[in-house]
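Tertiary structure, described
In case you want the letters, here they are:
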Amino acid sequence: MGLQAEQIADIVTAVKDNEVRGSYELLVTTLQEYPAMRKLFKGKARQERGGEQCAFNVQVASNESAQTTALFSEIDLSQADLFKTGRIPWRHVTNYYLFDEREPILNSGSEDLVDIVKGRRTDCLLDLAVKFEPWFWGEPTGSEAADDAPIYGVKYWIPRVNTTTAGAFQGGNPTGFAGGCAGLPVATYPTYQNWSVGYSAITEDDFLTRLNLAAYKTGFKNPVAIPGQEQSQYGYYSNYDMQTGLGEIGRSRNDNIGWDVALKVPVFKGVGIEAVPYLDADSEDPFYGIDWSVFEPLFLRGEWLKETTIIHPGKQHRVVATFMDSTLNITCRNRRKTFVIYKV
């Protein structure tokens, strides 16, 4: 019986398979894509602040002083308290990688194809992207004051409520947070709520009617110039089942929803609807509308992927540990510019 080349020890020792140096394939991720890390933490989306907590200012009242007057009329003067500050705690995220000081030398031969230290650092970043996905699309559980509680994600800021079945600003306070989002309870500040509504089927008369109304109701534009305010930057997010259903609608009409044949992406109001693999497991098939001009991550100044190298930690006298620390949380200054539509 003949032998294959890989069974001959001399050939295995003398000949290297044709691999691209420094390249390898990832077989440890379970989702096709991790958009939370890409969308939130790159470029202009990243905002850095100082302070004990993540904080943002909101106007919750108006002085309502405009009035018609007559000549020589007297006016009773008063000034309302206009502003409140929303606050949420910082969240601290730590990950790390290790190597023995001898490993890089052991891995320095001409036949070694992968830099193990670079590979471990890349794995550290990969783990961060994987963990951010459920943190971003989910909500914190347990004590909101606990230092190790999760980041305040989408389900915290955009709760799903269907009390008014036609749709309304009815997001309410997130579960477990009677004091309201960012300490602004809806009983006191009813305008600080997201739009929410349920649907039964992904059809024109059911889902699309609700989607059009949600986009209309949340399309707030400031009637006067506000310092530091950006134009709305909406993104639309769903899962595969939702995207497939919308594609069926798009193929049959060319109105608010179209179908990009080349990219196979449904489009609403000129914006592509992004399928989020993490949401595929969500039986309520949610559709989120998020205005990125008011929904953003905040980072403690200088504390995004801050690397600290510790030489010889503990009893491991030849080990080098590198830690990556980030201090951040996610904020939503105006929940009225977000919506969720979900299956009930």
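Scroll up to find the structure this text is about.
Now for a description of the structure that goes with this document. Given the structure is predicted, the values throughout are model-derived calculations rather than measurements.

From N to C terminus, the protein includes 7 helices and 15 strands. Residues counted as buried form 38% of the 344 residues belonging to the protein. Within the protein, counting contacts between residues at least 6 apart in sequence, those at least 24 apart form 74% of the total. Counting only carbon and sulfur atoms, one obtains 52% of the accessible surface of the protein, whose full area is about 20,100 Å².

Within the secondary structure, Thr327 is located in strand β14 (residues 319-332). The class for Thr327 is buried, based on a relative accessible area of 7%. In contact with Thr327, other than residues within four places in its own chain, are Trp90, Arg91, His92, Leu298, Phe299, Leu300 and Glu303.

Let us look at the layout of surface pockets. The calculated volume of the largest pocket comes to roughly 1,100 Å³. Forming the boundary of the largest pocket are 33 residues, of which Asn222, Gln229, Asn334, Arg336 and Lys337 lie nearest the centre. Looking at the lining of the largest pocket, the elements that each hand over two or more residues are β2 (54-59), α6 (204-217) and β7 (234-238). It is β2 that provides the largest number of residues to the lining of the largest pocket, a total of 3 residues. Its residues assigned to classes, the lining of the largest pocket comprises 18 nonpolar, 9 polar and 6 charged. The computed volume of the second largest pocket comes to approximately 440 Å³. Every residue lining the second largest pocket is counted, 20 residues in all, and those nearest its centre are Gln47, Glu230, Ser293, Glu296 and Arg333. Considering only residue class, the lining of the second largest pocket consists of 8 nonpolar, 6 polar and 6 charged.

Scanning the model with the defined rule gives 24 aromatic pairs in all. With 5.9 Å between their ring centres and 50° between their planes, Phe169 and Phe220 make a pair best called tilted. A residue pair is termed long-range when its members are at least 10 positions apart, and Phe169 in strand β5 (residues 168-169) and Phe220 in the loop between α6 and β7 qualify at 51 residues. Each residue in the set Tyr199, Phe207, Tyr234, Tyr236, Phe268, Phe287 and Phe339 is aromatic and connected to the rest through ring pairs, giving one cluster. In this structure, Arg335 packs its charged tip against the face of Tyr192, placed 5.4 Å from the ring centre. The lysine or arginine in question, Arg336, covers the ring of Phe220, its NZ or CZ lying 4.0 Å from the ring centre.

Here we come to the nonpolar core. Counting residues in each nonpolar core, the largest one holds 39 residues, and the members touching the most others are Trp137, Trp157, Tyr288 and Phe295. When residues of this core are traced back to their parent elements, those giving at least two are α2 (35-40), β2, α4 (116-137), α5 (154-157), β11 (287-291), β12 (295-300) and β14. Here the element with the most residues in this core is α4; it accounts for 5 residues. Ignoring sequence-local partners within four residues, the contact set of Trp137 consists of Ala36, Val154, Lys155, Tyr237, Val276, Tyr278, Leu279 and Tyr288. Among the nonpolar cores identified, the runner-up in size contains 18 residues, and Trp195, Phe207, Leu246 and Phe339 belong to it.

The rules behind each value
Residues numbered from 1 in each chain as written. Predicted model: local features only at pLDDT ≥ 70, side-chain atom pairs only at ≥ 80, totals over all residues. Heavy atoms only, no water. Helix = DSSP H or I, 4+ residues; strand = E, 2+ residues; numbered from the N terminus. Buried < 20%, exposed > 50% of the residue type's maximum accessible area, 1.4 Å probe, protein only. Contact = heavy atoms within 4.5 Å. Areas by Shrake-Rupley, 256 points an atom, 1.4 Å probe, with all protein chains shown as cover. 1 Å grid on protein atoms, 1.4 Å probe; cavity = no way out; pocket = protein on both sides within 12 Å on 5 of 7 lines; lining within 4 Å. Points joined across faces, edges and corners; volume = space filled by probe spheres on them. Nonpolar A, V, L, I, M, F, W, Y, C, P; charged D, E, K, R; others polar. Phe/Tyr/Trp six-rings, centres within 6.5 Å; stacked < 30°, edge-to-face > 60°. Lys NZ or Arg CZ within 6 Å of the ring centre and 35° of its normal. Core = buried A, V, L, I, M, F, W, Y, C linked by side-chain atoms within 4.5 Å.

So far we have only geometry, and geometry alone does not tell us how the molecule works.
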